[in-house]
Amino acid sequence: MRKNESGFTYPLTLCMVIIFALFVTTRVEGLLMERKMLKETESILKQEYYMMDAVKKTEKTLQSIGPAQLNGTYQYSSGHLSYHSDAPVGKSVKITFSLQLDSGLAITGYGYYDTSAKKMVKWVEMN
């Protein structure tokens, strides 16, 4: 062996390992972000579906029985939604929807039902 070797192999191997580690770390971080976005999207779509389903069911109930005061709860696979209506003011009835998901997320929405048109005319969602 010569005494003047400059050690070319070790720094090259170290640089390759560092580059590989950075690449793997970047890919794992991207995968974790994708999974997080998937969970959030799933939660948002469940909220929207449950609220829309409850609005449609309540609208059908109001069409069949008239503008009476309603109170009730709809059970879903990932939570429950409770609703109650206020007394009719003029031609509109305000209905409050409260969604509670099993994940702990709570959403409140307000629907306005027009008694002359017999349909929901306005929808407001609050967080």
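Here is a short report on the structure shown in this document. This structure is a prediction, so every number in the text was calculated from the model and none was measured.

Below, the discussion takes up the pairing of strand S3 (residues 92–101). Here is the key point about a regular strand: its side chains alternate between the two faces of the sheet. Sheet topology note: the strand S2 (residues 79–85)/S3 ladder contains 7 bridges and is antiparallel. The residue of S3 that forms the bridge with Leu81 is Leu99. What sits between S2 and S3 in their antiparallel hairpin is a turn of 6 residues, with Gly90 showing a positive phi close to 65 degrees. Two strands pair when backbone bridges link them, and S3 and strand S4 (residues 106–114) are joined in this way by 9 bridges, in the antiparallel orientation. Directly across from Thr96, in S4, lies its bridge partner Tyr110. Connecting the antiparallel pair S3 and S4 is a turn made up of 4 residues, with Gly104 showing a positive phi of about 100 degrees.

Moving on, we come to the pattern of salt bridges. When their charged atoms lie close together, side chains carrying opposite charge are able to pair. For the coordinates displayed, the defined rule picks out 2 salt bridges. A salt bridge links Lys46 to Glu42, with the nearest nitrogen and oxygen atoms 3.6 Å apart. Here the residue Lys46 and the residue Glu42 both occupy positions in helix H1 (residues 9–65), the gap between them amounting to 4 residues, near one helical turn. Given the relative accessible area of 38%, Glu42 is considered partly exposed. A salt bridge links Lys57 to Asp53; the nearest nitrogen and oxygen atoms lie 3.3 Å apart. Taken together, the residues span about one helical turn, with Lys57 and Asp53 both in helix H1 at a distance of 4 residues. Residue classification places Asp53 among the buried residues on the basis of a relative accessible area of 17%.

Time to look at the sheet that holds S2. Strand order across the open sheet formed by 5 strands is S1-S2-S3-S4-S5, with antiparallel pairing between neighbours. The sheet terminates laterally at strand S1 (71–76) and strand S5 (119–126), the two strands that pair on one side only. Averaged over all neighbouring strand pairs, the angle between strand axes comes to 20 degrees, with direction disregarded. Against the sheet, H1 touches S1, S2, S3, S4 and S5, its axis set at about 145 degrees to S3.

Relative to the assigned elements, Ser78 resides in the loop between S1 and S2. Put simply, Ser78 and Arg27 are 51 residues apart on the chain and 32 Å apart in space, counted from C-alpha to C-alpha. Polar side-chain contacts of Ser78 include one of 3.0 Å to the side chain of Lys46.

On the surface, Phe20, Phe23, Val24, Val28 and Leu32 cluster together into a nonpolar patch covering about 500 Å² of accessible area. Here Phe20 shows up in helix H1.

Here we come to the side chain of Thr58. Residue placement: Thr58 occurs in helix H1. Here Ala54 takes part through its backbone oxygen, which lies 2.7 Å from a polar atom of the side chain of Thr58. Once you skip the residues sitting within four places of it in the chain, Thr58 turns out to touch Leu70, Tyr74, Tyr83, Ile95 and Phe97.

Moving on, we get to the packing of aromatic side chains. Going through the model one piece at a time under the given rule, you end up with 5 aromatic pairs. On the basis of an interplanar angle of 35 degrees and a centroid distance of 6.4 Å, the ring pair of Tyr83 and Phe97 is categorised as tilted. With Tyr83 in strand S2 and Phe97 in strand S3, the pair connects residues that are 14 residues apart, well separated along the chain. For Tyr83, a relative accessible area of 12% translates into the label buried. Taking the relative accessible area as the measure of exposure, Phe97 reaches 0% and is therefore buried. Members of the aromatic cluster, connected to one another through ring pairs, are Tyr74, Tyr83, Phe97 and Trp123.

Reading guide: rules and limits
- Residues numbered from 1 in each chain as written.
- Predicted model: local features only at pLDDT ≥ 70, side-chain atom pairs only at ≥ 80, totals over all residues.
- Heavy atoms only, no water.
- Pairing = 2+ DSSP bridges.
- Helix = DSSP H or I, 4+ residues; strand = E, 2+ residues; numbered from the N terminus.
- Salt bridge = Lys/Arg side-chain N within 4 Å of Asp/Glu carboxyl O.
- Buried < 20%, exposed > 50% of the residue type's maximum accessible area, 1.4 Å probe, protein only.
- Axes fitted to C-alpha atoms, helices over the stretch in contact; angles between N-to-C directions.
- Contact = heavy atoms within 4.5 Å.
- Polar contact = N/O pair within 3.5 Å; in protein donor to acceptor, adjacent residues only side chain to side chain.
- Patch = residues over 30% accessible without salt bridge, like charges linked within 9 Å, V, L, I, M, F, W, Y side chains within 5 Å.
- Areas by Shrake-Rupley, 256 points an atom, 1.4 Å probe, with all protein chains shown as cover.
- Phe/Tyr/Trp six-rings, centres within 6.5 Å; stacked < 30°, edge-to-face > 60°.

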